[in-house]
Amino acid sequence: LEQLCDQLFTQESITIKDVAFQPQRKTFSVEFNMFCKIDTKGHAKKTLISSMYFAGALLGLMISGFCYDNFGRKVSVLVGGSLTTLASFIGFFCKSYELLLFIRFMQGFGNLVAATAVYIWGCEIVPSRFRNYFNGYMGIAWSLGYPIVAALGYLIKDWNFQFLSVAVSMLLATIPAFFMIESPRFYAIKKDVTNIQSSIQKLAQLNGVKIDVATVDLLDLEVKREQSAIQQLKDFIQYPILIFETLIQMLTWFLVAISYYGFNFGWGSLVPNVYLGYLLAGTCEGVTVLLHVGFVQATGRRRSMIILLTGAVGAFLISIIDVEIGDEWALESISSLFGLVFISSAFAGIYLYSSELAPTSHRGLVFAMSSGSARIGSFLGPFVINNLYNITHKAVPLSVLSFLALVCIGGMFCLVETGDKDIPAVPADVKERRKHYKLRF
């Protein structure tokens, strides 16, 4: 169909409606006339559909940061999941391009709000010694989502019904959130003793453990501190170390996102066969998730990030060298695949590290700020690989990524190891934790 369109597009007397064809699939590209490669307007409209998802995600994270820490993790999951379900269901009835843009925006908004809240909740429920395994489980679940979505897209021929399948999937994923036990840590920063006891009691019953919460001293927080959005901002002024550590996390999230999405949306520029590139990248990422848990367990949070980012720098710099391997492959192609392994593992690592660095009182806000910077990186990543590769020497974008990675490595040296410590509750705990800091590998 694309070849036929390319041949006929320049003939003004012939339009797409004049071409008789029987498409096997009903796609919005065909329905909204966006499938011609030489039609730059149609291509821009198609790109905008994807961009609207990330725009919604960025706005959702900007708003949800305060919601996580002031209204709770459970409420945020329910709101985000419900918005995504509703937006996807509307997609079943969508017949206009403008409505499709709005749907994609709301999908991005709700999905990132819910997904981030679930991760924060899990890290607060799981004890320190098991948190690394939980992080690995989340990575595996993320990887398994790809073949499920691909199967739904392949088996369902009508794009409206694809949206319906997403709505049903999101509904099934959101229903369990009604039965979530809110994090006791969230209630602790709110100084809600009754709900702290209730959550701990429910968790104990769920695990078959008997505990008398009435006899346990549950609160060890600053007496004068009251959790609120205004107080969170005041804390950043009162505790500069909180700003310092948050900025390092934001920069690292930005780096891994711009590299991760740059490579994953740029295999057409890096390898001779784009399909083989994605197949190898997917395989490498799946293996990375499995190996990352043991690697972090052996080296620690901070040291593993330093090693992974150093490996990424090496892969980026090696990719600059022009060496042909066979008739089609080059050293750049192989090195880029190894670079993706390091970056994918670093992506999983920074999720875990951020959950333990940020205090409970600011964990939602710090996650939102960090993930927000990653969304900006995800916008720029494809441009760096696909566009700069064509207008400059490849050494330019790869050198920029290497420089950013080196800055992040320096930032990692300024942070503390968290795997052997309980996560802090309030900014004062972060300040106390820094008293034992020593500059070392």
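Residue indices begin from 1 for each chain and proceed along its sequence in written order. In view of the model being predicted, local features appear only for residues whose pLDDT reaches at least 70, and side-chain atom pairs are presented and counted only at 80 or more, with totals across whole chains, interfaces and linings using the full set of residues. Calculated side-chain values reflect all of the structure's heavy atoms, with hydrogen atoms and water omitted.

*Asks:* What am I meant to see in the overall build of the protein chain here?
*Replies:* Only DSSP runs of H or I with at least four residues qualify as helices, and only runs of E with at least two residues qualify as strands; both kinds are numbered from the N terminus onward. The secondary structure content of the protein chain amounts to 18 helices and two strands. Note on exposure labels: buried denotes an accessible area under 20% of the residue type's maximum, exposed denotes more than 50%, and partly exposed covers the range between, all computed with a 1.4 Å probe on protein chains only. Taken across its 441 residues, the protein chain has 48% of its residues classed as buried. In what follows, a contact means two residues having at least one pair of non-hydrogen atoms within 4.5 Å. Pairs at least 24 apart in sequence give 79% of the contacts found in the protein chain among residues at least 6 apart. Every accessible area reported is derived by Shrake-Rupley at a probe size of 1.4 Å, with residue values counting cover from the shown protein chains alone. Taken as a whole, the protein chain presents about 21,800 Å² of accessible surface, with 68% of it coming from carbon and sulfur.

*Asks:* Mind showing me how you'd approach the nonpolar core here?
*Replies:* Nonpolar side chains in soluble globular proteins tend to be buried together. Residues M305, L309, F347, I350, Y353 and M412 are the most contacted members of the largest nonpolar core, which totals 57 residues. Where this core is concerned, the elements lending two or more residues are α3 (40–71), α4 (73–91), α5 (97–125), α11 (240–264), α14 (301–319), α15 (331–357), α16 (363–391) and α17 (395–413). When residues in this core are grouped by element, the largest group, nine residues, is from α11. Ignoring sequence-local partners within four residues, the contact set of Y353 consists of R301, R302, M305, M412, L415, V416, E417 and T418. With 13 residues, the next largest nonpolar core counts I49, F105, M106 and W159 among its residues. In these notes, a set of buried Ala, Val, Leu, Ile, Met, Phe, Trp, Tyr and Cys residues joined through side-chain atoms within 4.5 Å is what counts as a nonpolar core.

*Asks:* Help me understand the packing of aromatic side chains in this model?
*Replies:* Stacked, tilted and edge-to-face pairs are distinguished by plane angle, under 30 degrees for stacked and over 60 for edge-to-face with tilted covering the rest, among Phe, Tyr and Trp rings (Trp via its six-membered ring) whose centres lie within 6.5 Å. Applying the stated rule across the entire model yields 17 aromatic pairs. Ring geometry for F32 and Y97: centres 6.2 Å apart, planes at 75 degrees, overall edge-to-face. Pair noted here: F32 is in the loop between α2 (28–31) and α3 and Y97 is in helix α5, with a separation of 65 residues, a long-range link. Of the residues examined, F32 reaches a relative accessible area of 11% and is grouped as buried. An aromatic cluster is present here, built from Y119, F134, W253, Y260, F347, Y351 and F367 joined pairwise through their rings.

*Asks:* Can you help me understand the pattern of salt bridges in this one?
*Replies:* When the charged atoms of two side chains with opposite charge come close together, those side chains can pair. The working definition used for a salt bridge is a side-chain nitrogen of Lys or Arg within 4 Å of a carboxyl oxygen of Asp or Glu. Counted by the stated rule, this structure contains 10 salt bridges. Here D69 ties to R73 by a salt bridge, and the two come within 3.2 Å at their closest N and O atoms. The network of salt bridges with shared partners includes D69, R73, E124 and R363.

*Asks:* Quick question: what am I supposed to make of the packing of α14 against α15 here?
*Replies:* Packed helices, taken two at a time, are described by the angle their axes make and the gap between the axes. Contact geometry for α14 and α15: axes closest at 8 Å, N-to-C directions at 155 degrees. Taken together, the axis directions place α14 and α15 in an arrangement best described as roughly antiparallel. Crossing angle aside, the handedness with which α14 passes α15 is left-handed. Gly counts as polar in this scheme, as do all residues outside two lists: the nonpolar Ala, Val, Leu, Ile, Met, Phe, Trp, Tyr, Cys and Pro, and the charged Asp, Glu, Lys and Arg. Partitioned by chemical class, the residues of the contact of α14 with α15 number 15 nonpolar, seven polar and four charged. A fitted line through C-alpha atoms represents every axis, and for helices the fit uses only the stretch in contact; the resulting angles, taken between N-to-C directions, go from 0 to 180 degrees. By definition in this entry, angles of less than 35 degrees are roughly parallel, angles greater than 145 are roughly antiparallel, angles of 65 to 115 are roughly perpendicular, and the rest are oblique. Crossing handedness is defined as follows: a turn of the near helix away from the far one that is anticlockwise and smaller than a right angle gives a left-handed crossing, while the clockwise case is right-handed.

*Asks:* I keep staring at the packing of α4 against α5 and nothing clicks. Help me out?
*Replies:* Between α4 and α5, the least distance of the axes is 7 Å, while the angle of their chain directions is 155 degrees. When the axes of α4 and α5 are compared, the pair comes out roughly antiparallel. The interaxial crossing formed by α4 with α5 has left-handed handedness. In the contact of α4 with α5, the residues fall into 14 nonpolar, nine polar and two charged.

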